[in-house]
Protein chains: 2
Amino acid sequence: MKLTILGCYSATPKVDTNPTSQVLEIGGSMFLVDCGEGTQVELRRNKVKFSSIKHIFISHLHGDHVFGLPGLISTFRLMGRETDLHIYAPKGLKEIITMQMKLADSWTNYKLVFHELTSKISELVYENDKVEVHTIPLDHRVYTNGFLFKEKPGERLLDMQLVQKADIDVAYFKKLKQGFDVMNNNGATIENKTVTKPPKPTISYAFCSDTAYSEKIIPLLQDVDVLYHESTFLDKHIDLAVKTRHATATQAAMIAKQANVKTLVLGHFSTRYDNLLDFKLEAEAVFSPVELAADGKIFHFVK
Amino acid sequence: MKLTILGCYSATPKVDTNPTSQVLEIGGSMFLVDCGEGTQVELRRNKVKFSSIKHIFISHLHGDHVFGLPGLISTFRLMGRETDLHIYAPKGLKEIITMQMKLADSWTNYKLVFHELTSKISELVYENDKVEVHTIPLDHRVYTNGFLFKEKPGERLLDMQLVQKADIDVAYFKKLKQGFDVMNNNGATIENKTVTKPPKPTISYAFCSDTAYSEKIIPLLQDVDVLYHESTFLDKHIDLAVKTRHATATQAAMIAKQANVKTLVLGHFSTRYDNLLDFKLEAEAVFSPVELAADGKIFHFVK
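Residues numbered from 1 in each chain as written. Chains lettered and ligands numbered in written order. Predicted model: local features only at pLDDT ≥ 70, side-chain atom pairs only at ≥ 80, totals over all residues.

Here we take up the overall build of chain A. Check the secondary structure of chain A and you find 11 helices and 18 strands. Overall, chain A is about 70 × 55 × 35 Å in size when its C-alpha atoms are taken along their principal axes. When the 303 residues of chain A are sorted by exposure, 44% land in the buried category. Partitioning the intrachain contacts of chain A with sequence separation of at least 6 by distance along the chain shows that 63% fall at a separation of at least 24. (Helix = DSSP H or I, 4+ residues; strand = E, 2+ residues; numbered from the N terminus. Buried ≥ 20, exposed ≤ 12 C-beta atoms within 10 Å, placed from the backbone. Contact = placed C-beta atoms within 7 Å.)

Quick look at the structure:
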């Protein structure tokens, strides 16, 4: 699983800080998550192939998470895109994008499919044969969802030596991979686990930005491999965090700990802080390991 | 007169090329003209004080001229702006911006005043005591205006030696500056031009992007000091220029020549070209002097 941080700062883009956007590659698929202003340039800077992006997930309609989307949609059109583009976003975005295209008289040549999110409970919003994506309802000033990306369990792996030794016909391999016991060429029942190994372990990623500290999301995050949780503020600004429905690094770590995640990645930093290491230090007092997001940083996670 | 080019490329922003936006300082006022994606970052990079921007002129609603505006409006809010912001733009933009603010539940604390443009003939859209701004109706795929910024003529300048020699009372100085003949202390009529000098010469700037070659605009551009005219294409792509309602460098120069402007600045380059000097060469075959816009370039023009 590969995570490319295009931007990990809150509020307004500056010369050296980009608003939220990231690319997740999991189970052979690529997903763009959030799309702050400048995302298309950061995609180019990080050499992400535009044509690989078929699904975009938008957490909420604050500008620092979505103002780059109209430009990206327009650029796809100018590049001659023909592939469908699916956008999973709060209700309302479709109306804005449609109005912008109408006023610019610039309709896409490709099919733009909006999946409007309105549910306040977690729902499965996308799946293919290898991955599923669920919403994580968050607690922010406007309707906001995080997203949980998880690989589906694969098939059981055949131990070919044992399979051959057990004299099982090739016609039963599919059943074996699916976990069934089968009959061998002599009519004897072969117990599945005597000739197969468990499927490859699956990996999962949860994106939670923007949100106040909310224990409600913990069941959804249980045991995920990587949790990206916003930490707009340090503890000394807890009052601002509460007021603006954001979280501190400590709070992000508290969620990580209670959900028993493997790794916590912090992001959505306020640009008021000079030293981001303070975020890591505060979080590590509660949970470890903690990673800091950084614009242009690429994380590789293995299971 | 100072012109800061924030972006001068067409279509999509790339790592080293920004879409259209520029800052014009004329007659003591500062105007932002167009606002492609990333404009707020370019304003920071070029150290333009955000608080100096009180009037924004938008030529048309194609993304490369306006997708940076929602973010800039939002950033002004986050910075605690209180001053009114005036936006001169085609009808429709107000609706988009309002919808975005509504969905983000993020209304500005300052007053946002939209001046919706719909006229197909030139009109005066802004003036203060020193400057006036007129629209220049352009010929593009959607409703588009260029903008003509011109200093108002100042008052006539008193030649104090001659004024005193003519024995004119100070009470008449205002009349003299306004060009009237006055009576001196002996009751004699003093002809204005015998004691005054002409006002300081005024300077003017015309922004024409995006547009097909259109001779209709020539009367509006007559004798302007600086004409910024789009030249998306070189001559070899004249077919594309015609098709997309854009202009070539040669066509921009033909307009400059016919309007008898002093200086032509070329911009809105397609990113397909490696060597922008070709634009200058093609234009100079028709008109000179020709300047090439460049992101981050600052022009100082004097009269």
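Having seen the structure, we can now continue with the description.
To continue, consider the sheet that holds strand 8 (residues 131-137) of chain B. In any sheet, the strands associate via hydrogen bonds between backbone groups, in a parallel or an antiparallel arrangement. All names here are of chain B. Taken together, seven strands build an open sheet; the order of strands is 7-8-9-14-15-16-17 and the sheet is mixed. The outermost strands of the open sheet, each flanked by one partner alone, are strand 7 (124-127) and strand 17 (290-292). Looking at each pair of strands side by side, their axes are set apart by 20° on average, direction ignored. Where strand 7 lies against strand 8, three bridges are found, and the strand directions are antiparallel. When the sheet's bridge partners are listed, Glu127 is paired in strand 8 with Glu132. Of the strands in this sheet, strand 16 (263-267) and strand 17 touch helix 10 (residues 277-284), which is tilted by about 165° from strand 17. (Pairing = 2+ DSSP bridges. Axes fitted to C-alpha atoms, helices over the stretch in contact; angles between N-to-C directions.)

Among the residues making up helix 4 (residues 93-103) of chain B, those that are buried are Leu93, Ile96, Ile97, Gln100 and Leu103 of chain B. Projected onto a plane normal to the axis of helix 4 of chain B, the buried residues spread over an arc of 135° and lie on a single side. Buried positions along helix 4 of chain B lie against helix 4 (93-103) of chain A together with helix 2 (63-66), helix 3 (69-78), strand 5 (85-90) and strand 6 (112-117) of chain B. (Arc of directions from axis to C-beta.)

Residue and element names in this part refer to chain A. A sheet is described by the order of its strands in space; here seven strands give the open sequence 7-8-9-14-15-16-17, paired in mixed fashion. The sheet is open, and its two borders are formed by strand 7 (124-127) and strand 17 (290-292), each paired with just one other strand. Sheet twist, expressed as the mean angle between neighbouring strand axes with direction ignored, is 20°. Where strand 14 (residues 204-208) and strand 15 (residues 226-230) come together, four bridges link them in parallel fashion.

What follows covers helix 11 (residues 277-284) of chain A. Turning to helix 11 of chain A, its buried residues are Phe279, Glu282 and Ala283 of chain A. Each buried residue of helix 11 of chain A sits inside an arc of 95° when the element is viewed along its axis, so together they form one side.

With domains assigned, chain A is organised as domain 1 (2-154 + 200-300) and domain 2 (157-197). One C-alpha centre belongs to domain 1 of chain A, the other to domain 2 of chain A, and the line joining them spans 43 Å. (Domains from an automatic or database assignment.)

Here we come to the interface of chain A and chain B. Contact residues are listed per partner, giving 32 residues for chain A and 32 residues for chain B. Counting only elements with at least two residues in the side of chain A that touches chain B, the list comes to helix 1 (39-45), helix 3 (69-78) and helix 4 of chain A. Classifying every residue of the side of chain A that touches chain B gives 13 nonpolar, 12 polar and seven charged. (Nonpolar A, V, L, I, M, F, W, Y, C, P; charged D, E, K, R; others polar.)

We now examine the nonpolar core. Among the nonpolar cores identified, the biggest contains 142 residues, and Ile58, Ala206, Leu227 and Leu264 of chain A together with Ala206, Leu227 and Leu264 of chain B are the most heavily contacted of them. Those residues in contact with Ala206 of chain B, other than ones at most four positions away along the chain, are Ile136, Gly146, Leu148, Leu221, Val224, Leu227 and Tyr228 of chain B. (Core = buried A, V, L, I, M, F, W, Y, C linked by C-beta atoms within 7 Å.)

This part covers unusual backbone geometry. Residue Ser288 of chain A is joined to Pro289 of chain A through a cis peptide bond whose omega torsion reads 0°. For Pro289 of chain A, the position within the fold is in the loop between helix 11 and strand 17. Of note, Asp223 of chain B is a non-glycine position whose phi angle comes to about 65°, a positive value. Summarising the element assignment, Asp223 of chain B is placed in the loop between helix 7 (218-221) and strand 15 (226-230).

Residue and element names in this part refer to chain A. Where strand 2 (residues 21-26) and strand 3 (residues 29-33) come together, five bridges link them in antiparallel fashion. Pairing of Val23 across the sheet is with Leu32, part of strand 3. Following strand 2, the chain reverses through two residues before pairing antiparallel with strand 3; Gly27 in that reversal takes a positive phi of roughly 55°. Note that strand 3 and strand 4 (residues 55-57) share three bridges and pair parallel. Each residue of the ladder has a partner; that of Leu32, found in strand 4, is Ile56. At this point the chain moves from strand 3, through helix 1, to the parallel strand 4, and the crossover so formed is right-handed. (Right-handed = clockwise from strand over helix to strand, strands pointing away.)

Least-squares fitting of chain A to chain B yields an RMSD of 0.2 Å, with the transformation described by 0.1 Å of translation along the axis and a rotation of 179°. In the structure described here, the two chain copies are related by an operation that fits a two-fold rotation axis. With an isologous cut-off of 70% or more, the 100% of interface residues of chain A that recur at the interface of chain B puts this contact in the isologous class. (Least-squares fit on C-alpha atoms with pLDDT ≥ 70 in both.)

Attention now moves to the environment of Ile87 of chain B. Residues and elements named next belong to chain B. Among the structural elements, Ile87 can be located in strand 5. Looking at Ile87, the number of C-beta atoms within 10 Å reads 20, which means it is buried. Between the alpha carbons of Ile87 and Asn145 there is a distance of 13 Å; along the sequence they are 58 residues apart. Apart from the residues lying within four places of it in its own chain, the contact partners of Ile87 are Ile56, Ile58, Phe114 and His115.

Residues and elements named next belong to chain B. Running from amino to carboxyl end, helix 9 (residues 249-258) crosses helix 10 at an angle of 45°, the nearest separation of the two axes being 8 Å. Considering the angle they form, helix 9 stands oblique to helix 10. Helix 9 and helix 10 meet at a crossing whose hand is right-handed. Residues Ala249, Thr250, Ala252 and Ala253 of helix 9 touch helix 10, and the partners they reach there are Phe279, Glu282 and Ala283. Taken together, the residues of the contact of helix 9 with helix 10 break down into five nonpolar, one polar and one charged. (Parallel < 35°, antiparallel > 145°, perpendicular 65-115°, else oblique. Left-handed = near helix turned anticlockwise from the far one by under 90°.)

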